[in-house]
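Structural features, examined
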Amino acid sequence: MIGFLLGSVSQRAKSFLYRVSLVMKPQVVFVLGGPGAGKGTQCSKIVENYNYTHLSAGDLLRAERSRKESEFGQLIDNYIKEGKIVPVEITINLLRKAMEETMQKDDKKFRFLIDGFPRNEDNLTGWDTVMVGKADVKFVLFFDCSNEVCIDRCLERGKSSGRTDDNRESLEKRIQTYLQSTRPIIELYEKRGKVHTVDASRSLDKVKKKILDL
């Protein structure tokens, strides 16, 4: 009898969480820019000042790559080393799981900064297909920065980051991938009037002030 009651309560709790998730759809800001533009650094500043959760697509993929039981670890590693974009199904699954887990822990945490996604048309199509009606994309926060500054920042970061892709060969491939695949996505959102652009070549404090003034 007690087991039945507990089971009933558990089912009602799950049902309640499901209804809450339907009412409070994740509110998403896509954060885009070249490698080294400062997306992660500035996202942490936004989190300090506003009730947002920062999800880095790259960090989620690297964590999945390092997870011993991951069936996608080697595949992710190969794509990252080549500066290529990981298949969209893997990335969206990781992002969706991270958002769901965050909202289940705290239903007030429904605002997300998704850093480094969507990176190409395939990413965007996959998001629109899988997340249609399940998340509300508010706008794109675009960190505009020259290729030279981005490369210099990443090379400096690579001295201590331990990241296998913070080297000149990988960076040049990543920059080309960004220019060919990600910039068209930013331009698409610009046509929709949903892009806020920040000059990311300036100092950290000036970039932060510009963001907080948006």
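Residues numbered from 1 in each chain as written. Predicted model: local features only at pLDDT ≥ 70, side-chain atom pairs only at ≥ 80, totals over all residues. Heavy atoms only, no water.

The next point concerns the pattern of salt bridges. Throughout the structure, instances matching the rule amount to 12 salt bridges. Here Glu82 makes a salt bridge to Lys173, at a shortest N to O gap of 3.4 Å. Of this pair, Glu82 sits in the loop between helix H4 (73-81) and helix H5 (88-105) while Lys173 sits in helix H8 (residues 168-191); the two residues are 91 residues apart in sequence, bridging distant segments of the chain. According to the relative accessible area criterion, Glu82 is partly exposed, its value standing at 39%. A salt bridge links Asp136 to Lys138, with the shortest nitrogen-to-oxygen separation between them at 3.3 Å. Look at Asp136 and you get partly exposed, because its relative accessible area is 30%. If you follow the salt bridges from partner to partner, you end up with Glu64, Arg67 and Glu69 in one network. (Salt bridge = Lys/Arg side-chain N within 4 Å of Asp/Glu carboxyl O. Helix = DSSP H or I, 4+ residues; strand = E, 2+ residues; numbered from the N terminus. Buried < 20%, exposed > 50% of the residue type's maximum accessible area, 1.4 Å probe, protein only.)

Here we take up the UniProt feature "binding site: a ribonucleoside 5'-phosphate" (unreviewed entry) in the protein. Sites flagged by UniProt as "binding site: a ribonucleoside 5'-phosphate" (unreviewed entry) map to Arg62, Lys84, Ile85, Val86, Gly116, Phe117, Pro118, Arg119, Arg163 and Arg174. Mapped onto the elements of the fold, Pro118 is located in the loop between strand E3 (111-115) and helix H6 (121-130). The exposure class assigned to Pro118 is buried, which follows from its relative accessible area of 0%. With sequence-adjacent residues up to four places away left out, Pro118 is seen in contact with Phe30, Leu32, Asn123, Leu124, Thr182 and Ile185. Mapped onto the secondary structure, Arg163 falls in the loop between helix H7 (147-161) and H8. If we skip the residues at most four places from it in the chain, Arg163 touches Arg62, Arg157 and Arg174. (UniProt positions renumbered as here; feature names shortened; annotations may be inferred. Contact = heavy atoms within 4.5 Å.)

What follows covers the sheet that holds strand E2 (residues 53-56). The strands making up a sheet are joined through hydrogen bonds of the backbone, oriented either antiparallel or parallel. Pairing within the open sheet is parallel, and its 5 strands lie in the order E2-E3-E1-E4-E5. Of all the strands in the sheet, just E2 and strand E5 (195-199) have a single pairing partner and so form its edges. Adjacent strand axes in the sheet meet at a mean angle of 25° when their direction is disregarded. The pairing of strand E1 (residues 27-33) with strand E4 (residues 136-144) spans 7 bridges and is classified as parallel. Note on E4: the bridge partner recorded for Leu32 is Phe142. Relative to the sheet, H5 contacts E1, E2 and E3, its axis offset from that of E3 by approximately 155°. Its contacts with the sheet put H8 on E1, E4 and E5, and the angle it makes with E4 is roughly 125°. (Pairing = 2+ DSSP bridges. Axes fitted to C-alpha atoms, helices over the stretch in contact; angles between N-to-C directions.)

This next bit is on the side chain of Asn123. Within the secondary structure, Asn123 is located in helix H6. Using a relative accessible area of 2% as the deciding quantity, one classes Asn123 as buried. Excluding anything up to four places from it in sequence, Asn123 contacts Ile85, Val86, Val88, Ile92, Phe117 and Pro118.

For the rest of this paragraph, the subject is the environment of Gly58. Along the chain, the position of Gly58 falls in helix H3 (residues 57-66). In sequence terms Gly58 and Ile114 are 56 residues apart; their C-alpha atoms lie 10.0 Å from each other.

Okay, the nonpolar core next. Counting 27 residues, the largest nonpolar core has Val28, Phe30, Met99, Ile114, Phe117, Trp127 and Tyr189 as its most contacted members. It is H5 that contributes the most residues to this core, 6 residues altogether. Sequence-distant contacts of Phe117, that is, excluding residues within four places in its chain, are made with Phe30, Val31, Leu32, Ala57, Thr91, Ile92, Leu95, Asn123 and Trp127. Grouped together as the second largest cluster of nonpolar side chains are 19 residues, Ala37, Tyr52, Cys154 and Ile211 included. (Core = buried A, V, L, I, M, F, W, Y, C linked by side-chain atoms within 4.5 Å.)

This part is about the packing of H3 against H5. Interhelical geometry of H3 versus H5 gives an angle of 100° and a closest axis separation of 10 Å. Here H3 lies roughly perpendicular to H5, going by the angle between them. Side by side, H3 and H5 meet where Ala57, Leu60, Leu61 and Glu64 of the first sit next to Ile90, Thr91, Leu94, Leu95 and Ala98 of the second. Classifying every residue of the contact of H3 with H5 gives 7 nonpolar, 1 polar and 1 charged. (Parallel < 35°, antiparallel > 145°, perpendicular 65-115°, else oblique. Nonpolar A, V, L, I, M, F, W, Y, C, P; charged D, E, K, R; others polar.)

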